[in-house]
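A structural walkthrough
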Amino acid sequence: MRYKFLPNGDTAVTVCFNNEISKEVNAMVTSFADAVEKAKISGVIETIPAFCCVTVLYNPCKISLTWLKFRLNIILRKLGTGSSFTSVLYKIPVCYDEEFSLDMGNVERHTGLTRDEIISIHSSADYLIYMLGFLPGFAYLGGMDKRLITPRLETPRVEIEKGSVGIGGEQTGIYPIASPGGWQIIGKTPVNVYDKSKESPILYRAGDYIRFVPVSKEEYFEIDKKVQEGSYTVESQEVKV
């Protein structure tokens, strides 16, 4: 396993693995970030995993960079003996009805696929969450079928509704809050993947998986009502990767 330390100002250090986007490298990223969190190193504030690196934020008044790197090296050497990180698969209900699929026509024209084919393909994969960014709870997902690749909108929208599910180039994802954006919107979920009122506001972590489950318009509003009442729980299960 190759890695290198890159100083990141005076309160952070970035640990970089192979410079590539792959499930293997990302598994190392999430395993390392998880191991650092569990180690509870005094002075470490937070870990931020990305596609192929992890940034560790620390308080230099409590731990020096030299000592931190020593501790991190110990964790990195142990990773070769196996990881205790457990991924969770979240089944996210999505309604692909015309009311919510504002750009389905664009995707149909670009891909040559029918609406039903797009829905079937989009909901047949388990998408790896490589990292979180852009917005709180915005998951960068890997594993979208290449048949669905569609360029972003030429003119981004000023606001895309919370819960909108879209395609942007080779990626798909969920808008966790209302936001400007240029992805092609093909559906919507009633689930709050980001809820700032909760102690753990983001539903999932980097290293987890998402599966989109098609629901009817009636089912969408039924779930939405339960979400508003606080009685809805997203179906999930642990998965081995």
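Structure first, text after, so check above.
Cut-offs used in this document
Residues numbered from 1 in each chain as written. Predicted model: local features only at pLDDT ≥ 70, side-chain atom pairs only at ≥ 80, totals over all residues. Heavy atoms only, no water. Core = buried A, V, L, I, M, F, W, Y, C linked by side-chain atoms within 4.5 Å. Buried < 20%, exposed > 50% of the residue type's maximum accessible area, 1.4 Å probe, protein only. Helix = DSSP H or I, 4+ residues; strand = E, 2+ residues; numbered from the N terminus. Contact = heavy atoms within 4.5 Å. Pairing = 2+ DSSP bridges. Disulfide = S-S within 2.5 Å. Phe/Tyr/Trp six-rings, centres within 6.5 Å; stacked < 30°, edge-to-face > 60°. Arc of directions from axis to C-beta.

What follows deals with the nonpolar core. Core analysis: the biggest nonpolar cluster contains 28 residues, and Ile 92, Ile 210 and Phe 212 have the highest contact counts within it. Going through the elements one at a time, strand 5 (87-95), helix 3 (104-111), helix 4 (115-122), strand 6 (126-132), strand 7 (139-142), strand 9 (164-168) and strand 13 (209-215) are the ones with two or more residues in this core. No other element matches the four residues that strand 5 contributes to this core. Non-local contacts of Ile 210, meaning those with residues more than four positions away in its chain, are made with Leu 89, Tyr 90, Ile 92, Ala 125, Asp 126, Tyr 127, Ile 129, Leu 141, Ile 174 and Tyr 204. Within the second largest apolar cluster, 20 residues are counted, among which are Val 25, Ala 33, Val 54 and Ile 63.

With that settled, consider the pairing of strand 6. Of all seven residues making up strand 6, five are buried, and the element is well covered by its neighbours. Here strand 6 runs beside strand 13; their pairing, made up of three bridges, is antiparallel. The residue of strand 13 that forms the bridge with Asp 126 is Arg 211. Inspection of the sheet shows strand 6 paired to strand 7 by four bridges, in the antiparallel sense.

In this structure the tally under the stated criterion is zero disulfides. Cys 52 takes part in no disulfide bond, and the closest cysteine sulfur, belonging to Cys 53, lies 5.2 Å away. Classification of Cys 52 by relative accessible area gives buried; the value is 15%.

In this structure, Lys 40 takes a positive phi of about 50 degrees despite not being glycine. Note that Lys 40 resides in the loop between helix 1 (23-39) and strand 3 (44-49). Lys 40 gets classed as exposed once you look at its relative accessible area, which sits at 70%.

Here we take up the packing of aromatic side chains. Evaluated as defined, the whole model comprises 15 aromatic pairs. Summarising the aromatic geometry, the rings of Tyr 3 and Phe 5 are spaced 5.8 Å apart at their centres and angled 85 degrees between planes, so their arrangement reads as edge-to-face. Residue Phe 5 is classed as buried on the basis of its relative accessible area, which comes to 18%. Consider the rings of Phe 134 and Phe 138, whose centres lie 5.2 Å apart with planes at 90 degrees: the pair is edge-to-face. Residue class for Phe 134 comes out exposed when judged on its relative accessible area of 52%.

Our focus in this paragraph is helix 4. Along helix 4, the residues that are buried comprise Ile 118, Ile 119, Ile 121 and His 122. Mapping the buried residues of helix 4 onto a view down its axis gives an arc of 170 degrees, with all of them on the same face. Close packing links the buried residues of helix 4 with helix 3, strand 6, strand 9, strand 10 (171-174), strand 12 (184-188) and strand 13.

Below, the discussion takes up the environment of Gly 9. Counting through the fold element by element, Gly 9 comes out in the loop between strand 1 (4-7) and strand 2 (12-16). What makes Gly 9 exposed here is its relative accessible area of 61%. Linking Gly 9 and Pro 156, residues 147 residues apart in sequence, is a C-alpha distance of 34 Å.

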